[in-house]
Amino acid sequence: MMLRPDESLTVCTPIPERMNESLRQVVHLVFGLGIAGFVLLFDRDLALAVLMIALFGGSILSDAVSRGYTIPVISRILAGLERRDAVPGRGALFFAIGALFCLVFFPKGIAFAGLVVLSLLDSVTTLVGVRFGRTRIYNHKSLEGTSAGIVVTAVVLSLIVPPPIALLTAAIAGLAELASPVDDNLVVPVVACLVLAVLL
């Protein structure tokens with residue numbers, strides 16, 4: 001049951017910022033790899049339909065929460081995971097948009113690899129950067145986080161494509177993630193898919 005904005009409810013205890021960001025990135029990693037696996041294992045049309053339904057439903061829920069409605073379970077999850085002052089569920093919605101774009105414009109195998117790159121690169125870069133980042137290089141990102149994200153992504157991606165292509169794809173996607181002025185959930189998978197489409 002959805003509650004009106006003026007109805008009372010128990011508010012969750014805020015999670016410390018570092019723990020919140022780490023938890024966000026673990027969820028991002030699991031969520032992203034789950035979508036990538038779904039794209040790989042199931043029919044392309046089915047994957048497109050499910051992503052469209054998820055995007056439409058998620059947009060409705062995000063709009064409802066941003067208007068002050070409380071949705072059982074969903075509101076608590078968003079309160080615990082979303083960054084302060086962010087549009088509710090923005091990261092998940094942008095991930096779905098990025099996944100849809102890749103699945104529409106690239107072969108299924110390349111779309112799968114692009115989503116793996118996004119899941120790993122973004123999560124590892126942030127997790128390592130928050131914990132060990134000391135050398136800021138650009139856009140509030142750290143050298144340690146960016147380097148770790150590229151290396152881990154290249155290693156895992158080399159299980160899918162030839163290692164030199166995996167390394168080049170991870171490096172270019174890492175630079176795109178570092179320099180992008182817009183949400184990396186929109187940019188990274190498209191850049192990765194473009195590089196893979198050219199090199200494979």
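What you are looking at is a predicted structure, and each value in this text was computed from that prediction instead of being measured.

### As for the packing of aromatic side chains
Applying the stated criterion to the full structure yields three aromatic pairs. Aromatic pair F101 and F105: ring centres 4.6 Å apart, planes at 40 degrees, arrangement tilted. Linking F101 with F105, this pair stays in helix 4 (residues 90-105), spanning four residues, or about one helical turn. By relative accessible area, which is 38% here, F101 ends up partly exposed. Judged by its relative accessible area of 56%, F105 falls in the exposed class.

### Observations regarding the environment of L23
Within the secondary structure, L23 sits in helix 1 (residues 17-41). With 100 residues separating them along the chain, L23 and S123 place their C-alpha atoms 10.0 Å apart.

### Remarks on the side chain of T153
By the element assignment, T153 lies in helix 6 (residues 143-157). When its relative accessible area of 1% is taken as the criterion, T153 is described as buried. Those residues in contact with T153 that lie beyond four places of it in its chain are V117, L120, L121 and A170.

### Section: the packing of helix 5 (residues 108-132) against helix 6
Relative to each other, helix 5 and helix 6 sit at 145 degrees, their axes nearing to 7 Å. Once helix 5 is placed against helix 6, the crossing between them reads as right-handed. Facing A113, V116, V117, L120, L121, V124, T125, V128, G129 and F132 of helix 5, the residues of helix 6 in contact are E144, G145, T146, A148, G149, I150, V152, T153, V156 and L157. For the contact of helix 5 with helix 6, the class distribution of residues is 13 nonpolar, six polar and one charged.

### Here we look at the pattern of salt bridges
Where charged atoms from two side chains of opposite charge approach closely, those side chains can pair. Evaluation of the coordinates by the stated rule reveals one salt bridge. Here K141 makes a salt bridge to E177, at a shortest N to O gap of 3.2 Å. Of this pair, K141 sits in strand 2 (residues 141-142) while E177 sits in helix 7 (residues 163-179), and the two are 36 residues apart along the sequence. Residue class for K141 comes out partly exposed when judged on its relative accessible area of 21%. On the basis of relative accessibility, which here comes to 3%, the residue E177 falls in the buried class.

### Topic: helix 6
Taking 1.5 Å of rise per residue, 15 residues should cover 21 Å, and helix 6 covers 21 Å from first to last C-alpha, within 8% of that figure. Among the residues making up helix 6, those that are buried are G145, T146, A148, G149, I150, T153, A154 and L157. Looking at the buried side of helix 6, the elements it contacts are helix 5, strand 1 (136-138), strand 2 and helix 7.

### Some words on a nonpolar patch on the surface
A contiguous nonpolar patch, built from L40, L41, F42, L46 and V50 and spanning about 440 Å² of accessible area, is present on the exposed surface. Mapping L41 onto the fold places it in helix 1. Judged by relative accessible area, which is 67%, L41 ranks as exposed.

Reading guide: rules and limits
Residues numbered from 1 in each chain as written. Predicted model: local features only at pLDDT ≥ 70, side-chain atom pairs only at ≥ 80, totals over all residues. Heavy atoms only, no water. Phe/Tyr/Trp six-rings, centres within 6.5 Å; stacked < 30°, edge-to-face > 60°. Helix = DSSP H or I, 4+ residues; strand = E, 2+ residues; numbered from the N terminus. Buried < 20%, exposed > 50% of the residue type's maximum accessible area, 1.4 Å probe, protein only. Contact = heavy atoms within 4.5 Å. Axes fitted to C-alpha atoms, helices over the stretch in contact; angles between N-to-C directions. Left-handed = near helix turned anticlockwise from the far one by under 90°. Nonpolar A, V, L, I, M, F, W, Y, C, P; charged D, E, K, R; others polar. Salt bridge = Lys/Arg side-chain N within 4 Å of Asp/Glu carboxyl O. Expected span 1.5 Å × (residues − 1). Patch = residues over 30% accessible without salt bridge, like charges linked within 9 Å, V, L, I, M, F, W, Y side chains within 5 Å. Areas by Shrake-Rupley, 256 points an atom, 1.4 Å probe, with all protein chains shown as cover.

Read these as spatial facts, not as claims about activity.
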